[in-house]
Amino acid sequence: MQNRGLIIILTVTLVLVTIYELSFTAVTYRVKRDAKEYAKGSLVLESQYLDSIALLSKDQWSYLGNNFKECQKKEINLGLDLKGGMNVIMEVAVDDILRALSDYNPDKTFNQALAKAKDRRKISQADFIDLFQKAFEELDPNAKLASIFGTIGLKGKINFNSTNDEVIKVLKTETDAAIDNAFNVLSTRIDRFGVVQPNITKGQTKGRILIELPGVKDPKRVRELLQGSANLEFWETYENGEILGGLSQINTMLREMQVNVQKSADSLKKATSGKKNANLSDTTKKEQSLMDIINKDTTAKSAENQSLAQFTVQNPLFGVLRPMVDRQGQPTGGSLVGLASFKDTATVNRYLRMNQSRTILPRDVRFAWSQKPYEYDKTKSMYELHALKVTTRDGRAPLDGSVVTSARPSSGVVTSDIKVDMSMNAEGAKTWARLTRENIGRSIAIVLDGYVRSFPRVSVEITGGNSEILGHFTLEEAQDLSNILMSGKLPAPARIVSDTVVGPSLGKEAIQAGFTSFAIAFLLILAYMIFYYNKAGLVADLALFTNIVFLFGVLASLGAVLTLPGIAGIVLTTGMAVDANVIIYERIREELRAGKSEKLAIHDGFHHALSAIIDSHVTSILTGIVLYTFGTGPIRGFATTLVIGNLLSLFTAFFLSRLMFDWLIRRKSKITFSIPMTEHILKNTHIDFIGMRKIFYGLSLTVTIIGAVSLLTRGLNPGIDFAGGRTYVIKFDHVVKTEDIASSLTAPFHDLPMVVTFGGDNQVKITTKYKINESGVDNEIDSLLYNGLKPYLGSTVTKDKFLTDNRKSSENVGPTIATDTKIKAVWAVAIALVMMFSYIFLRFKTWQHGFGAVVALFHDSLIIISIYSLGYGFLPFSMDIDQSFIAAILTVIGYSVMDTVIVFDRLREYIPLYPKRDRKEVMNMALNSTLSRTINTSMTVILVLLAIFFFGGAVIRGFVFAMLVGVVVGTYSSVFVATSLVYDTTRKEAKKAISPSNI
């Protein structure tokens, strides 16, 4: 073997690097094990133990010159699906940045163009600013962007003579800078949050920021920390006595409007009485007043509820907004004008925004809700409504958070209430002194991100620029608020468009299931190779073991994150690594049957198998690259292990195995490549595959038509990756029925949610689209979910316990992310097919080979999709069409091509050897001679996939099922479809005879 010395050096180097990289994981594992033993089940003590080790200097604790924190950074990182934590995708709205850059210009064309671009962005991957420019010029071809963006802030960059293209160039630069600023602000907040090994990166789509927070146990706190734009404002206020009179008039106005509607309905009913026109009767029913509906709904209610309903009918506004008055009906003073339940705040907003209401209220009044429930409300469902006074020409607050120079949590001297102390710069101190001087005896509202945090009554003028925010904070809340203020204001609101929360218990279950499937698959492969290939199987097993060890070492050295699909990728890599050995061994067996010596057969077997091995691995690597490019999170983890595993299997299967065979030959050891039972399996077969091609065309066409009918009638079951929505995995202490759970949640979610068994009979996955377009409703939905499931949880399960113990994971995908994911999925599959066609065309020099392979791949994909259409709702595992499903489709594409290439490679070898034989005969010879390799490579992968399917856990069962179907169908199409299509698309004269010069 040539370059034996180089291969030995490279192998030894890889072994040493692997041992070094994995040693950090071993060291940190030992420390964490000691922490668990010390804590004896207490998470607090365990955390304190690890924190104490992390604080030690290198003189006190070190490993190879690294302290514990540095060792943790070098260990194998576990993904959120294994470790637990939170994955967030945030989006800084580019349209909000453009509004800010225009100084909130009210120009009609400008705002219509923004709205139009926002709609187009839902179905396009183009840059938002380009979409905006196109929409702006469509609405008014003669309009100039310079007139919109010629602001003081952009002075020197945009002038009146700037062309639209020049303005767009400036806007892109400014937008990029704003997004970079938002990225830095969020990074600072996360660093202050104290998460171990957080990961924050920019997404491919402009404005998207991807955040991973492993180990997070308080998702609510994270959402508030990340979404707060730090838009701090100080507002003058109205006294509630100045506003309540207007509210009373609005209440009377609404009552009169209802009376008029009722009179109209009664007149219409009288006019149509006696008529038998059912359609007109239906129309009358639709025109019933609100009072009729309420009276009907409250017939069976208690007297108390009837009284409340009657009061609401007579007082539409005060029925949902309780005015702040004392027992004598006098205003209590302050900016707080009323209280409303969280479910009624939207109704109150609608009433106060009516044009008739605006004519009654002062022109400069603005209303804002409190951030937290009313202090004295035991139900914690009532929120405060405050009346702010607009005193500036541009409608903005007279003082904002840009003047804040420092913020820190503290506690009061007299009481122990937690508050946030602030200091202002000179300009802010001057404005603050004026505000407090002019509002002595009145309240000043301190508003953060549109919600009132506190509304202190001013008693004296405050100089020096010092102030405080009160709000019944916990120490954590005060610390987070201080961090938000100090880390800076976001240039535009950053919204969470997708988030996934994985509980630590589900992560532990996933780890156990993943490694159990890995161990079983590994043992199955080892046993199969020894059973089928005897002593040569031991060489393959040793190469396989080395490949896995190297793979973990490379993952650790690259800092790659190991996810559950990543473990599946490792397990699948074991199957593909064995495939390379199968290709080599089958070729060696052919050489031995040809009468060659053992040494020469091994040499020629490796030599002739090299082309097929390279082709098969390159196609899988190309698939992995496509997956990594278009996938996110766990899918990228799968792609990473797939690509690295394929590269390493090339080295271990071809070079390391060859090195071991040469060593055995030099020791004159007898090498056997089969046992008596397997020696003659699929030997000397003479199946007329090409002659039977029309039968298999018909079979494929029949299955395809059945699938097409199912797709047109039943359709598919899109996961929230594609449809958007909220998904929760809930575990109960006893067996539950999915239909009962769905029925209990229908009322709170205003629609029937999808509920399926997930894993055991006591665990379900709930999917709903309730308020998917709204942000800041997580607490409300948590409450609705808990209350709806309370009958199945038991009286001892509190809401906090439910959220931490019973709710194993949650996922929220907004419609924008879902649209992007669908577009990326289509592109990923299309690009994969184009890449496969191009590669095969380049390797085999004829379009027929590329065409046959791509049609076979399309055939495989369509059958998998059809089975998912036929099976969802019937099979006892998830059959959602999501990112994992697309990953399975792409992996099957790569694997199917690998099988096809083996046949094509043998065909390319045979054509020059038999130039005068009929092409049909040559193709049948190629198919029969590679049949053993095709079956064996498929069997090894199927064994692996079966192990993952049964032991890998419910989370990836649907993903693995798609791959199982794909491998079976891919093997079928490689043998019965791809080569047959090459034959049918070849010219008639070429089928008869072909000379070597044409190859």
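**Some remarks on the nonpolar core**
Turning to step 1, where the next piece is worked out: Counting residues in each nonpolar core, the largest one holds 132 residues, and the members touching the most others are Met 529, Tyr 585 and Phe 661.
Turning to step 2, where the next piece is worked out: Take this core: its biggest share by element is 18 residues, from helix H31 (residues 883-913).
Turning to step 3, where the next piece is worked out: With residues near it in sequence (within four places) discarded, Tyr 585 still touches Met 529, Tyr 533, Ala 536, Gly 537, Val 539, Ala 540, Phe 661 and Phe 673.
Turning to step 4, where the next piece is worked out: Judged by nonpolar contacts, the second largest core, of 43 residues, contains Leu 131, Val 167, Val 170 and Ile 211.

**Comments concerning the pairing of strand E20 (residues 763-768)**
A regular strand carries its side chains on alternate faces of the sheet.
Turning to step 1, where the next piece is worked out: In terms of residue burial, E20 counts as a mostly covered element, since six of its six residues are buried.
Turning to step 2, where the next piece is worked out: Summarising the sheet, strand E18 (residues 725-731) and E20 pair through six bridges and their orientation is antiparallel. Pairing of Arg 726 across the sheet is with Thr 768, part of E20.

**Description of the pattern of salt bridges**
Turning to step 1, where the next piece is worked out: With the rule as written, the count across this model stands at 27 salt bridges.
Turning to step 2, where the next piece is worked out: A salt bridge links Arg 434 to Glu 438; the shortest N-O distance between them is 3.2 Å. Taken together, the residues span about one helical turn, with Arg 434 and Glu 438 both in helix H17 (residues 426-438) at a distance of four residues.
Turning to step 3, where the next piece is worked out: Ionic pairing is found between Glu 590 and Arg 587, a salt bridge with its closest N-O pair at 4.0 Å. Placement of both Glu 590 and Arg 587 in helix H21 (residues 564-593) is noted, with a separation of three residues, approximately one turn of the helix.
Turning to step 4, where the next piece is worked out: In this structure Arg 587 comes out as buried when scored by relative accessible area, which is 5%.

**Re the packing of aromatic side chains**
Turning to step 1, where the next piece is worked out: Per the counting criterion, the structure on display carries 33 aromatic pairs.
Turning to step 2, where the next piece is worked out: Pairing Phe 606 with Phe 661 gives two aromatic rings, centres 6.0 Å apart and planes at 70°, and the pair type is edge-to-face. Note that Phe 606 is positioned in helix H22 (residues 598-630) and Phe 661 in helix H23 (residues 634-666), a separation of 55 residues in sequence. The pair Phe 606 / Phe 661 is uniform in exposure class, with both members buried.
Turning to step 3, where the next piece is worked out: The interplanar angle of 70° and the centroid separation of 6.2 Å between the aromatic rings of Phe 696 and Tyr 972 together place this pair among those described as edge-to-face. Separated by 276 residues along the polypeptide, Phe 696 in helix H24 (residues 693-713) and Tyr 972 in helix H34 (residues 957-985) bring together distant segments of the chain.
Turning to step 4, where the next piece is worked out: Here a set of aromatic residues connected by ring pairs shows up, and it is made of Tyr 528, Tyr 532, Tyr 533, Tyr 585, Phe 606, Phe 651, Phe 654, Phe 655, Phe 661 and Phe 673.
Turning to step 5, where the next piece is worked out: Over the ring of Phe 160 we find Lys 144; its NZ or CZ atom is 5.0 Å from the centre of that ring.

**A word on the confidence of the model for the protein chain**
Turning to step 1, where the next piece is worked out: This prediction gives the protein chain a mean pLDDT of 78; 83% of its residues lie at or above 70.
Turning to step 2, where the next piece is worked out: When mean pLDDT is taken per element in the protein chain, strand E8 (residues 365-369) scores highest with 93 and helix H13 (residues 290-297) scores lowest with 35.
Turning to step 3, where the next piece is worked out: With pLDDT under 50 throughout, residues 275-306 is counted as low confidence; its partners more than four residues away or in other chains account for 18 contacts.
Turning to step 4, where the next piece is worked out: Here residues 993-999 is a poorly scored stretch, pLDDT under 50, and it has 12 contacts once near neighbours within four places are set aside; other chains count.

**Some points on the packing of H24 against helix H30 (residues 847-871)**
Turning to step 1, where the next piece is worked out: Viewed as axis vectors pointing N to C, H24 and H30 meet at an angle of 45°, and their least axial separation amounts to 8 Å. Judged by the inter-axis angle, H24 sits oblique to H30. Between H24 and H30 lies a crossing of left-handed hand. Between H24 and H30, the residues in contact are Ser 700, Val 703, Thr 704, Ile 706, Gly 707, Ala 708, Ser 710 and Leu 711 and His 859, Leu 862, Ile 863, Ile 865, Ser 866, Ser 869 and Leu 870, respectively.

Reading the values: the criteria
- Residues numbered from 1 in each chain as written.
- Predicted model: local features only at pLDDT ≥ 70, side-chain atom pairs only at ≥ 80, totals over all residues.
- Heavy atoms only, no water.
- Core = buried A, V, L, I, M, F, W, Y, C linked by side-chain atoms within 4.5 Å.
- Buried < 20%, exposed > 50% of the residue type's maximum accessible area, 1.4 Å probe, protein only.
- Helix = DSSP H or I, 4+ residues; strand = E, 2+ residues; numbered from the N terminus.
- Contact = heavy atoms within 4.5 Å.
- Pairing = 2+ DSSP bridges.
- Salt bridge = Lys/Arg side-chain N within 4 Å of Asp/Glu carboxyl O.
- Phe/Tyr/Trp six-rings, centres within 6.5 Å; stacked < 30°, edge-to-face > 60°.
- Lys NZ or Arg CZ within 6 Å of the ring centre and 35° of its normal.
- pLDDT = per-residue confidence, 0-100.
- Axes fitted to C-alpha atoms, helices over the stretch in contact; angles between N-to-C directions.
- Parallel < 35°, antiparallel > 145°, perpendicular 65-115°, else oblique.
- Left-handed = near helix turned anticlockwise from the far one by under 90°.

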